[in-house]
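Coordinates in review
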Amino acid sequence: MLKYDNDAIIELCSKVDLLEYASQSMDFKQKSDDYFTNCSKHIDKTPSLSISPSKNFFYCFSCGRSGNIINWLMEYEDLTFHQALEKVIKLSGVSDISKLNLKQPDALLLFKKIKKLTEEEYYNKEIIRDILDKSILDEYIIESPQEWIDEGIDPLIMRKYNIRIDYNANRIVYPVYDKNFNLIGVKGRTRYKDYKERNLMKYQNYYKIGTTNFFTGMKENIDVIKKKNEIIIFEGIKSGMKAENWGYDNWVASETSHLNDEQIQILLEMRLKNIIIAYDNDVELQKITENTTMLRKFTNVFVVYDNKGLLGKKADKVSPVDLGKETWEILFNERMKI
Ligand SMILES: [Zn+2]
């Protein structure tokens, strides 16, 4: 299986002028800063499809289709993701290094970045531990996504975790720090509800993630975790922030429902009294038990486990915080020691 470096893909997209490209086959009319045309995906009496030249991004006010040049090619030229990517590489001129306006080392670097990574390269820790400059976050707007506010997460809590919006790729993004709290990446979650039909991943990491030797939220919460001598481990940042709404601030997110050796090592080094696993309801208790064998030799491990089915069907993959404070507190108070 081959994976792509998303960082390089975004860099590529920035090299293609979406309006210039689209104007070759469609007529646009300028209205203040944006350019409008009829959206071909539905009946569109007043032109609803806009391109913002400054953002290099399109948005249809009628059907909500939006995105960058790759999304454009997938939507309006019916290309697959890979076909769209190939076309953007051609349009950008990056496939020919000599045509790049970059210094040679930069050009080589970019070229290396866009090449397909093999599975082995992808998981090779040696190539993934770059410490990033904080300024890369400036590409994204500090803004609390409305859909998360609607789910009840306090915008101030979202500020704490530096939640931002990537308007270029229509994603919610947040910084990822290694265990020494160096910035090593930006994690993104698509805002497209139909991301599957669009061939997009739900989560896209603007860094080669390899082994996850960190916990999201540890940088922000390590002091309170140590003070309470207890850690609550959710799968994702959104669950953690919801719990924090209700005063449960000693949380981290493991980013998956399985602790890897590096994460277990981090937990062992913290020598906490209690570790509370609060994964989504689709995770089998037996898996958690097996995964925490080593931890349980040194510390108390509890599982917030929905054995009464309060969260509904397992197939729906519900986090213990998703149904509100009351349900969470029942589940939390009835947590099981394993
Ligand atoms: Zn439309």
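Going by the structure above, here's the rest.
This section reports on the structure supplied with the text.

About the criteria used
- Residues numbered from 1 in each chain as written.
- Predicted model: local features only at pLDDT ≥ 70, side-chain atom pairs only at ≥ 80, totals over all residues.
- Heavy atoms only, no water.
- Phe/Tyr/Trp six-rings, centres within 6.5 Å; stacked < 30°, edge-to-face > 60°.
- Helix = DSSP H or I, 4+ residues; strand = E, 2+ residues; numbered from the N terminus.
- Buried < 20%, exposed > 50% of the residue type's maximum accessible area, 1.4 Å probe, protein only.
- Lys NZ or Arg CZ within 6 Å of the ring centre and 35° of its normal.
- Donors = N, O, S within 2.8 Å, 3.2 Å for Na, K, Ca; no water.
- Tetrahedral: all angles 85-135°; square planar, octahedral: opposite > 155°, others 65-115°.
- Pairing = 2+ DSSP bridges.
- Contact = heavy atoms within 4.5 Å.
- Axes fitted to C-alpha atoms, helices over the stretch in contact; angles between N-to-C directions.
- Arc of directions from axis to C-beta.
- Salt bridge = Lys/Arg side-chain N within 4 Å of Asp/Glu carboxyl O.

Moving on, we get to the packing of aromatic side chains. For the structure on display, the rule yields ten aromatic pairs. With 5.8 Å between their ring centres and 70° between their planes, Phe58 and Tyr76 make a pair best called edge-to-face. Of this pair, Phe58 sits in strand 4 (residues 57-60) while Tyr76 sits in helix 3 (residues 69-76), placing them 18 residues apart in sequence. An identical accessibility class is assigned to Phe58 and Tyr76; each is buried. Seen from their ring centres, Tyr248 and Phe332 are 5.1 Å apart, and the 70° between their planes marks the pair as edge-to-face. Highlighted residues: Tyr248 in the loop between helix 10 (237-245) and strand 12 (251-253) and Phe332 in helix 14 (residues 325-333), separated in sequence by 84 residues. Per residue, the accessibility class of Tyr248 equals that of Phe332, and both read buried. By the ring-pair criterion, three or more aromatic residues cluster together here, those being Phe234, Tyr248, Trp328 and Phe332. Of note, Lys31 hangs over the ring of Phe36, and the distance from its end group to the ring centre comes to 4.6 Å. Its end group placed over the ring of Phe302, Arg335 keeps NZ or CZ at 5.5 Å from the ring centre.

Moving on, we get to helix 10. Here helix 10 lies mainly inside the structure; eight of its nine residues are buried. All of the buried residues in helix 10 are Ile237, Lys238, Ser239, Gly240, Met241, Lys242, Ala243 and Glu244.

Our next topic: the coordination of the zinc ion. With distances of 2.0 to 2.3 Å, the protein atoms coordinating the zinc ion are Cys39 (SG), His42 (NE2), Cys60 (SG) and Cys63 (SG). Viewed at the metal, the four donor atoms of the zinc ion are separated by angles of 99 to 120°, and the geometry they form is tetrahedral. Taken in chain order, the donor set of the zinc ion reads C-x2-H-x17-C-x2-C. You can see His42 sitting in the loop between strand 2 (34-37) and strand 3 (49-52) and its partner Cys63 sitting in the loop between strand 4 and strand 5 (66-67), a full 21 residues away along the chain. Judged by its relative accessible area of 24%, His42 is partly exposed. For Cys63, a relative accessible area of 31% gives the class partly exposed.

This part takes up the pairing of strand 14 (residues 300-303). Here strand 13 (residues 274-277) runs beside strand 14; their pairing, made up of four bridges, is parallel. Each bridged residue has a counterpart across the sheet, and for Ile276 the counterpart in strand 14 is Phe302. Bridge analysis of strand 14 against strand 15 (residues 336-337) gives two bridges, and the strand direction is antiparallel. Its bridge partner being in strand 15, Phe302 is matched across the sheet by Lys337.

Moving on to the sheet that holds strand 15. Overall, mixed pairing links the five strands, which are arranged 12-11-13-14-15 in an open sheet. Edge positions in the open sheet fall to strand 12 and strand 15, since each of these has one partner strand only. Running over the sheet, helix 10 touches strand 11 (230-234) and strand 12 and is turned about 165° from strand 12.

All right, on to helix 14 then. All buried positions along helix 14 are accounted for by Thr327, Trp328, Leu331 and Phe332. The buried residues of helix 14 occupy an angular sector of 130° when projected down its axis, which confines them to one face. Among the exposed residues of helix 14, those oriented more than 90 degrees off its buried face are Glu326 and Asn333. Looking at the packing, one finds that the buried side of helix 14 touches strand 11 and strand 13.

Below, the discussion takes up the pattern of salt bridges. Counted according to the given criterion, the structure contains 15 salt bridges. Notably, a salt bridge pairs Asp322 with Lys242, separated by 2.7 Å at the nearest N-O pair. Placement of the pair is Asp322 in the loop between strand 14 and helix 14 and Lys242 in helix 10, with a sequence separation of 80 residues. The class for Lys242 is buried, based on a relative accessible area of 5%. Each of Glu151, Lys238, Lys242 and Asp322 takes part in a single network of salt bridges with overlapping partners.

Of note, Asn56 is a non-glycine position whose phi angle comes to about 55°, a positive value. Within the element layout of this structure, Asn56 appears in the loop between strand 3 and strand 4. Despite not being glycine, Lys317 has its phi angle at roughly 50°, a positive value. You can see Lys317 is positioned in the loop between strand 14 and helix 14. Overall, Lys317 belongs to the partly exposed group, its relative accessible area being 39%.

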